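# Topology and contacts: notes
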Amino acid sequence: MRTRVITSFVLPFLLAAGALGQAPCNCSFLGQDIFIASGQQVDNAVCVFCSVQVEGDVTGHVIVLFGSANVSGQVQGSTTVIGGNAVVDSQARVGGDTVVLGGNAVYETDESLAGSAYVLGGHLSHVSSTSGVGAGQHRFTLSPFFFGLLAVVALLLLSAVIAPRMRRGVPVSQPR
């Protein structure tokens, strides 16, 4: 009797877990790579200190912090990588914008990127020899040299603002 009661409660949970495993889900991991296999569908993929490999379909966005994104499947939303690299294969398709901060981006064909591509602090590389950016699409990159120059200018401006205030705050003793 006891075994029958346990199985009647456990079996529905196992079946529900199996059904939920087949439905699209949001994947969020910390320190564990995400692999979306061909034929698998995921709503969003968010990864911190790890990488995302997309061979299947992502109906939302791919966000990677301090890792890499390799896309050879479909991403309907945007792909954002901070502190890592993004690689978009020739068979892949990213429906939204591709943004890389502090890393490099490589794409093989212009058809792979439906939106714009922005790289700040790295390089944007187009593998194919022909580069025909379509209407409404932008390919933009700012190299690390630019950020170094920007840091020097910010430091100079900050010192120009703080240094006069520090000199004014020094008390001067006057004889009586």
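Just so you know, the residues in each chain are numbered from 1, in the order the chain's sequence is written. Only residues with pLDDT of 70 or above have their local features reported here, since the model is predicted, and side-chain atom pairs are shown and tallied only from 80 upward, although totals for entire chains, interfaces and linings are computed over all residues. To obtain the side-chain values, all non-hydrogen atoms of the structure were used and water was disregarded.

### Structural notes on the environment of Val 52
On the secondary structure map, Val 52 appears in strand β5 (residues 52–54). As for Val 52 and Phe 35, which are separated by 17 residues in sequence, their C-alpha atoms are 6.0 Å apart. In what follows, residue pairs with any heavy atoms lying within 4.5 Å of each other are defined as contacts. Apart from the residues lying within four places of it in its own chain, the contact partners of Val 52 are Ile 34, Ala 45, Cys 47, Val 62, Val 64, Ser 68, Ala 69 and Asn 70. For the purposes of this entry, the term helix denotes a DSSP run of H or I that reaches at least four residues, the term strand denotes a run of E that reaches at least two, and both are numbered from the N terminus.

### Things to note about the sheet that holds strand β12 (residues 93–94)
In space, the 4 strands of this open sheet follow the order β3-β6-β9-β12, with parallel pairing throughout. Looking at the sheet topology across the chains shown, the edges are occupied by β3 (41–42) and β12. Here a strand pair is declared whenever DSSP counts at least two bridges between the two strands.

### Here's the deal with the nonpolar core
Soluble globular proteins: nonpolar side chains tend toward being buried together. Counting residues in each nonpolar core, the largest one holds 26 residues, and the members touching the most others are Ile 34, Ile 36, Val 52, Val 54, Val 62 and Val 75. Mapped onto this core, the elements with two or more residues apiece are β2 (34–36), β4 (44–48), β5, β7 (62–65), β8 (69–71), β11 (86–88), β14 (105–107) and β15 (117–120). For this analysis, a nonpolar core means a set of buried residues of the types Ala, Val, Leu, Ile, Met, Phe, Trp, Tyr and Cys, connected via side-chain atoms within 4.5 Å. Throughout, exposure labels follow a simple rule: accessible area from a 1.4 Å probe, protein chains only, divided by the maximum for the residue type, with under 20% read as buried, over 50% as exposed, and the rest as partly exposed.

### What to know about the sheet that holds β2
Strand pairing within a sheet occurs via backbone hydrogen bonds; the two strands may be parallel or antiparallel. If you walk across this open sheet you meet the 6 strands as β2-β5-β8-β11-β14-β16, and the pairing is parallel. Whereas interior strands pair on both sides, the edge strands pair on one side only; in this sheet they are β2 and β16 (124–126). If you compare each strand with its neighbour and ignore which way they point, the axes differ by 5 degrees on average. As defined by bridge partners, β5 adjoins β8 across 3 bridges and the pair is classed as parallel. For Gln 53, the partnering residue across the bridge sits in β8 and is Asn 70. Between the N-to-C directions of two axes lies an angle of 0 to 180 degrees, each axis being a line fitted to C-alpha atoms and, for a helix, fitted only over the stretch in contact.

### Re a nonpolar patch on the surface
Together, Leu 30, Phe 49 and Phe 66 make up an exposed nonpolar region whose accessible area comes to about 380 Å². Relative to the helices and strands, Phe 49 resides in the loop between β4 and β5. A residue counts toward a patch only above 30% relative accessible area and without a salt bridge, and it is joined to like-charged neighbours within 9 Å or, for Val, Leu, Ile, Met, Phe, Trp and Tyr, to nonpolar neighbours within 5 Å. Residue burial considers only the protein chains on display, and all accessible areas are found by Shrake-Rupley using a 1.4 Å probe. A pairing counts as a salt bridge when a side-chain nitrogen of Lys or Arg comes within 4 Å of a carboxyl oxygen of Asp or Glu.

### Regarding empty space enclosed by the protein
The definitions used throughout rest on a 1 Å grid laid over the protein atoms alone, on which a cavity is an enclosed set of points accommodating a 1.4 Å probe that cannot get out and a pocket is an open set flanked by protein within 12 Å on both sides along at least five of seven lines; lining residues are those having an atom within 4 Å of a point. Grid points are joined across faces, edges and corners, and a volume is the space filled by probe spheres set on the points. Taken as a whole and judged by the stated rule, the model has 1 cavity of 30 Å³ or more. In this model, the largest cavity occupies a volume close to 40 Å³. Elements with a minimum of two residues in the lining of the largest cavity: β11 and β14. Side-chain classes are defined by residue name, with Ala, Val, Leu, Ile, Met, Phe, Trp, Tyr, Cys and Pro counting as nonpolar, Asp, Glu, Lys and Arg as charged, and the others, Gly among them, as polar. Each residue belonging to the lining of the largest cavity can be placed in one class, and the counts come to 9 nonpolar, 1 polar and no charged.

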